Structures are given as structure tokens and as C-alpha cells.
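The residues making up each chain are set out below.
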Amino acid sequence: MTIERYDTNARYAQLVAYGDTLYIAGQIANDYDGDIRQQTAEALAKIDALLAKGGSGRTKLLMCQVWIRDFADYGGYNEVWEKWLPPGSQPARASVGATLLDPRLRIEIAAIASR
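To start, this report covers the structure provided alongside it. Just so you know, these numbers come straight off a predicted model, no measurement behind them.

With respect to helix α1 (residues 36-53)
Okay, so step 1: Counted at 1.5 Å a residue, the expected span for α1 with its 18 residues is 26 Å, and the 26 Å between its end C-alpha atoms agrees.
Okay, so step 2: Along α1, the residues classified as buried are I36, Q39, T40, A43, L44, I47, L50 and L51. Buried residues of α1, viewed axially, fall in a sector of 130 degrees; they line one side.
Okay, so step 3: On its buried face, α1 sits against β1 (3-8), β2 (13-18), β3 (21-27), β4 (61-68), α2 (74-84) and β6 (107-114).
Okay, so step 4: At the N-terminal end of α1, a side-chain oxygen is found 3.1 Å from the backbone nitrogen of R37, two or three residues along, and the residue is D35.

Regarding the pairing of β6
Okay, so step 1: As defined by bridge partners, β3 adjoins β6 across 5 bridges and the pair is classed as antiparallel. What sits directly across from Q27, in β6, is I109.

Some thoughts on the side chain of Q14
Okay, so step 1: Here Q14 is to be found in strand β2.
Okay, so step 2: Beyond its immediate stretch of four places on either side in the chain, Q14 contacts Y6, D7, Y23, I24, A25, Q27 and L50.

Some points on the packing of α1 against α2
Axis angle and axis distance: for two packed helices, these are the angle between their axes and the distance between the axes, and together they describe the pair.
Okay, so step 1: Where α1 meets α2, the closest approach of the two axes is 8 Å, and the angle between their N-to-C directions is 35 degrees. The way α1 lies across α2 gives a crossing that is right-handed. Listed contacts from α2 to I36, R37, T40, A41, L44, I47 and D48 of α1 are G76, Y77, E79, V80, W81 and W84.
Okay, so step 2: Taken together, the residues of the contact of α1 with α2 sort by class into 8 nonpolar, 2 polar and 3 charged.

Looking at the pattern of salt bridges
Okay, so step 1: Enumeration over the complete set of coordinates arrives at 7 salt bridges.
Okay, so step 2: The salt bridge involving E4 is made with R115; its shortest N-O contact spans 2.7 Å. With a gap of 111 residues between them, E4 in strand β1 and R115 in the segment after β6 connect regions that are remote in the sequence.
Okay, so step 3: A relative accessible area of 28% places E4 in the partly exposed class.

Some points on the sheet that holds β4
Okay, so step 1: The strand order β1-β2-β3-β6-β4-β5 describes an open sheet built from 6 strands, whose pairing is mixed. Among the strands making up the open sheet, the edge pair consists of β1 and β5 (92-97). Averaged over neighbouring strand pairs, the angle between their axes works out to 10 degrees when direction is ignored.
Okay, so step 2: Examined bridge by bridge, β1 and β2 share 5 bridges and lie antiparallel to one another. Bridge pairing in β2 places I3 opposite Y18.
Okay, so step 3: The strands touched by α2 are β4, β5 and β6; relative to β5, the strand with the most contacts, the crossing angle is about 155 degrees.

The rules behind the values
- Residues numbered from 1 in each chain as written.
- Predicted model: local features only at pLDDT ≥ 70, side-chain atom pairs only at ≥ 80, totals over all residues.
- Heavy atoms only, no water.
- Helix = DSSP H or I, 4+ residues; strand = E, 2+ residues; numbered from the N terminus.
- Expected span 1.5 Å × (residues − 1).
- Buried < 20%, exposed > 50% of the residue type's maximum accessible area, 1.4 Å probe, protein only.
- Arc of directions from axis to C-beta.
- Contact = heavy atoms within 4.5 Å.
- Polar contact = N/O pair within 3.5 Å; in protein donor to acceptor, adjacent residues only side chain to side chain.
- Pairing = 2+ DSSP bridges.
- Axes fitted to C-alpha atoms, helices over the stretch in contact; angles between N-to-C directions.
- Left-handed = near helix turned anticlockwise from the far one by under 90°.
- Nonpolar A, V, L, I, M, F, W, Y, C, P; charged D, E, K, R; others polar.
- Salt bridge = Lys/Arg side-chain N within 4 Å of Asp/Glu carboxyl O.

Here it is, written out as C-alpha cells:
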């Protein structure tokens, strides 16, 4: 099988496809000053675009890893997540408290999906 790499730089690819599996790097908001809802929506929109680039979509998510700066934001993140995710297509998910790239960032989301 061929490994396909999309949107690469010197250190990593935003998307790696191997066979029927897609691996999406951690996605963050462009607006570091937004609240948790806005930052979650931006990260999920980036995941949508990468899923489409790899020939997949939200219903084919297998696993999502979420790093959240402050668990006081957990409810707001879940609010956006539940509206974004189609019913009956819940992936496995881990949510972990973490220090992120910039102190203004509230969330980062990585994903694995099938095609």
C-alpha cells in the first residue's frame, strides 16, 4: 500500500492516508483569542476539510484525541461537538487536559477515520 501525505511541511503532514485509514494531525483554531465554542468550531471545520481531501467524512471517524487547556471549557466544547457530529456516528474519543502551543489556545483535536 502507498502512503499519501497531504499539506506537509518540514516537520509533519496535516493528513496521512494509508490504505483506507486517514490520520489527521492536531487541528487548532486560527483565532487564538476566540472562546471555546469558536475555537472548537474552527478546529472541527479544519478536520472536515481534511476528511474531504482524503475522501471521507464525519460519519467515518474512528477515533478523536482532544487536548483541552481548561476543563471548565468542557461543556462548551461538547456543545459544539454534539451539533457537529451526525447521530449514530460517535467515534472513540479521549479528552485530556494539556498545555497547548500558545496560552490563548483552548483546544486541539486530532482524528483517525476510514475512507
